[in-house]
Amino acid sequence: MDILNALVALANFVFIPAIAYGSQLALGALGVTLIYGILRFSNFAHGDTMAFGTMVTILFTWWFQSMGISFGPLPTALLALPFGILGTSLLLLGTDRVVYKFYREQKAAPVILVIVSLGVMFVMNGLVRFIIGTGDQRFADGERFIISARGFKDMTGLSEGLAIRVSQGITVVTAVIVVAALFYFLNRTRTGKSMRAFSDNEDLALLSGINPERVVMVTWIIVAALATIAGVLYGLDKSFKPFTYFQLLLPIFASAIVGGLGNPIGAIAGGFVIAFSEVTVTYAFKKVLGYLLPESLEPDGLVQLLSTDYKFAVSFAILIIVLLFRPTGLFKGKSV
């Protein structure tokens, strides 16, 4: 029974949170890797794009809630999500038209576009904080748990409870659906194949009659959808605070680079590598070891490698190691 309790504790505090967090990072990293692979620059405004999409979704969620519209046991934010995606798409298409298109026509070096994206990031960050404020915003409603800790204890007779939140279940299911739809689009549709051809060889794609402006437009719309979905799922699972999404930029870029920048499969794998690393390194194993070890050997301390305050330092360390020893990432993307 002690072994089972230890496994339940690990699942409750490490495995399930890491799966949910990894799904959110994977969706965010997919947006980064699509921009890098097709538009050929690292978009440092991606974290604040997530914040903007989440903000629009929250505003529509509050509007729906004020009118008494709900989604039953599921969060009302899922009904508002299409409006968030639409608003973010309009923002990104407008930003591309006003800002990025000029530098693209000038054949500017990728580093110039990176610097430009930093400016866009600060503008977006200020816009979001101006509209919705700087504090925590909680917008999750509906049922809270799929399985509660008390219900699990009553069902199994174990002393350790397992809790699976609705937000975690929605995150994993949504991530699977979105990733499957994205891969189907890229591999089976004519537009998706055009985007892949444009990514592989821009000059040859242009000679083949592919419209570059259409490819750019579709890319920004897909990135808007991925960023908004990732941001809303993260906000439902935790809470919404604009500056948090700026901080998420590090683990998202680490996920994309670890997996292989420009490689969609690598972005997904990298998201889970970063998530499991962060959660495992910052988890206090005292409770698990208390179940597994004899009473005389039970640890007095938390048995924690790093405090949760240093969670993002884990992403940074992994990123540095990958850049030093395997700059193309696990799945051999484009070197950084």
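Anything mentioned here points back to the structure above.
Throughout what follows, the structure given in this document is the object of discussion. Note that the coordinates shown come from a computational prediction; the quantities given were computed from them, not determined experimentally. (Residues numbered from 1 in each chain as written. Predicted model: local features only at pLDDT ≥ 70, side-chain atom pairs only at ≥ 80, totals over all residues. Heavy atoms only, no water.)

1. A closer look at the overall build of the protein
Line of reasoning, step 1. From N to C terminus, the protein includes 14 helices and two strands.
Line of reasoning, step 2. Its C-alpha atoms give the protein principal-axis dimensions of roughly 70 × 55 × 40 Å.
Line of reasoning, step 3. Going through the 336 residues of the protein one by one, you find that 48% of them count as buried.
Line of reasoning, step 4. For the protein, the exposed surface amounts to about 16100 Å²; the carbon and sulfur share of it is 66%.
Line of reasoning, step 5. Side-chain charges in the protein split into 24 positive and 19 negative, and the spacing between the mean points of these groups amounts to 9 Å. (Helix = DSSP H or I, 4+ residues; strand = E, 2+ residues; numbered from the N terminus. Buried < 20%, exposed > 50% of the residue type's maximum accessible area, 1.4 Å probe, protein only. Areas by Shrake-Rupley, 256 points an atom, 1.4 Å probe, with all protein chains shown as cover. Lys, Arg positive; Asp, Glu negative; His and termini not counted. Charge placed at Lys NZ, Arg CZ, Asp CG, Glu CD.)

2. A word on unusual backbone geometry
Line of reasoning, step 1. For lysine 107, which is not glycine, the phi torsion reads 55 degrees and is therefore positive.
Line of reasoning, step 2. The topology assignment puts lysine 107 in the loop between helix H3 (77–105) and helix H4 (110–132).
Line of reasoning, step 3. Even without being a glycine, valine 303 presents a positive backbone phi close to 55 degrees.

3. Looking at the packing of aromatic side chains
Line of reasoning, step 1. Summed over the entire model, instances satisfying the criterion amount to 15 aromatic pairs.
Line of reasoning, step 2. Judged by centre distance (5.3 Å) and plane angle (45 degrees), the rings of phenylalanine 240 and tyrosine 245 are tilted. Grouping residues by exposure puts phenylalanine 240 and tyrosine 245 together as buried.
Line of reasoning, step 3. Among the aromatic residues, those joined into a ring-pair cluster are Phe60, Trp63, Phe64 and Phe83.
Line of reasoning, step 4. Sitting above the plane of the tyrosine 21 ring, lysine 311 keeps its charged end 5.1 Å from the centroid. (Phe/Tyr/Trp six-rings, centres within 6.5 Å; stacked < 30°, edge-to-face > 60°. Lys NZ or Arg CZ within 6 Å of the ring centre and 35° of its normal.)

4. A few points about the pattern of salt bridges
Line of reasoning, step 1. For the coordinates displayed, the defined rule picks out six salt bridges.
Line of reasoning, step 2. Among the ionic pairs, arginine 40 bridges to glutamate 202, the shortest N-O distance being 3.6 Å. On the criterion of sequence distance, the pair formed by arginine 40 in the loop between helix H1 (2–39) and helix H2 (46–66) and glutamate 202 in helix H8 (residues 202–207) is long-range, its members being 162 residues apart.
Line of reasoning, step 3. According to the relative accessible area criterion, arginine 40 is partly exposed, its value standing at 26%.
Line of reasoning, step 4. One connected set of salt bridges, linked through shared partners, spans Asp96, Arg104 and Glu213. (Salt bridge = Lys/Arg side-chain N within 4 Å of Asp/Glu carboxyl O.)

5. Focus: a nonpolar patch on the surface
Line of reasoning, step 1. A cluster of nonpolar side chains, Met1, Ile3, Leu4, Leu7, Leu292, Leu293 and Leu297, forms an exposed patch at the surface whose accessible area comes to about 710 Å².
Line of reasoning, step 2. Within the secondary structure, methionine 1 is located in the segment before H1. (Patch = residues over 30% accessible without salt bridge, like charges linked within 9 Å, V, L, I, M, F, W, Y side chains within 5 Å.)

6. Some remarks on helix H14 (residues 311–325)
Line of reasoning, step 1. With 15 residues, H14 ought to run about 21 Å at 1.5 Å a step, and its terminal C-alpha atoms sit 22 Å apart, in line with that.
Line of reasoning, step 2. Inspection of H14 places Val314, Ser315, Ile318, Leu319 and Val322 among the buried residues, and these make up the whole buried set. The buried residues of H14 all sit within an arc of 130 degrees when viewed along its axis, so they share a single face.
Line of reasoning, step 3. Contacts made by the buried residues of H14 are with helix H11 (249–259) and helix H12 (264–281). (Expected span 1.5 Å × (residues − 1). Arc of directions from axis to C-beta. Contact = heavy atoms within 4.5 Å.)

7. Some words on the packing of H1 against helix H9 (residues 212–237)
Line of reasoning, step 1. Viewed as axis vectors pointing N to C, H1 and H9 meet at an angle of 160 degrees, and their least axial separation amounts to 9 Å. It follows from the interaxial angle that H1 and H9 lie roughly antiparallel. Classified by chirality, the crossing of H9 by H1 is left-handed. Across the interface between the two elements, Ala20, Tyr21, Gln24, Leu27, Gly28, Leu30, Gly31, Leu34, Ile35, Ile38 and Leu39 of H1 pack against Val215, Val216, Thr219, Trp220, Ile222, Val223, Leu226, Ile229, Ala230, Leu233, Tyr234 and Asp237 of H9.
Line of reasoning, step 2. When its residues are assigned to classes, the contact of H1 with H9 shows 18 nonpolar, four polar and one charged. (Axes fitted to C-alpha atoms, helices over the stretch in contact; angles between N-to-C directions. Parallel < 35°, antiparallel > 145°, perpendicular 65-115°, else oblique. Left-handed = near helix turned anticlockwise from the far one by under 90°. Nonpolar A, V, L, I, M, F, W, Y, C, P; charged D, E, K, R; others polar.)

8. What to know about the packing of H3 against H4
Line of reasoning, step 1. Following both chains from N to C, one finds H3 and H4 inclined at 145 degrees, their axes separated by 11 Å at the closest point. Note that H3 runs across H4; the crossing there is right-handed. Facing H3, whose interface residues are Leu91, Leu92, Thr95, Val99, Tyr100 and Tyr103, H4 presents Ile112, Leu113, Val116, Ser117, Val120 and Met124.
Line of reasoning, step 2. Along the lines of polarity and charge, the residues of the contact of H3 with H4 split into 10 nonpolar, two polar and no charged.

9. A short note on the nonpolar core
Line of reasoning, step 1. Leu27, Leu30, Trp220, Leu226, Phe240 and Leu248 are the most contacted members of the largest nonpolar core, which has 86 residues in total.
Line of reasoning, step 2. Counting residues in hydrophobic clusters, the runner-up holds six residues, among them Val8, Ala11, Ile16 and Leu158. (Core = buried A, V, L, I, M, F, W, Y, C linked by side-chain atoms within 4.5 Å.)

10. With respect to the side chain of glutamate 160
Line of reasoning, step 1. Relative to the assigned elements, glutamate 160 resides in the loop between helix H5 (149–156) and strand S2 (164–165).
Line of reasoning, step 2. Among the polar contacts listed, one links the side chain of glutamate 160 to the side chain of tyrosine 291, at a separation of 2.7 Å. (Polar contact = N/O pair within 3.5 Å; in protein donor to acceptor, adjacent residues only side chain to side chain.)

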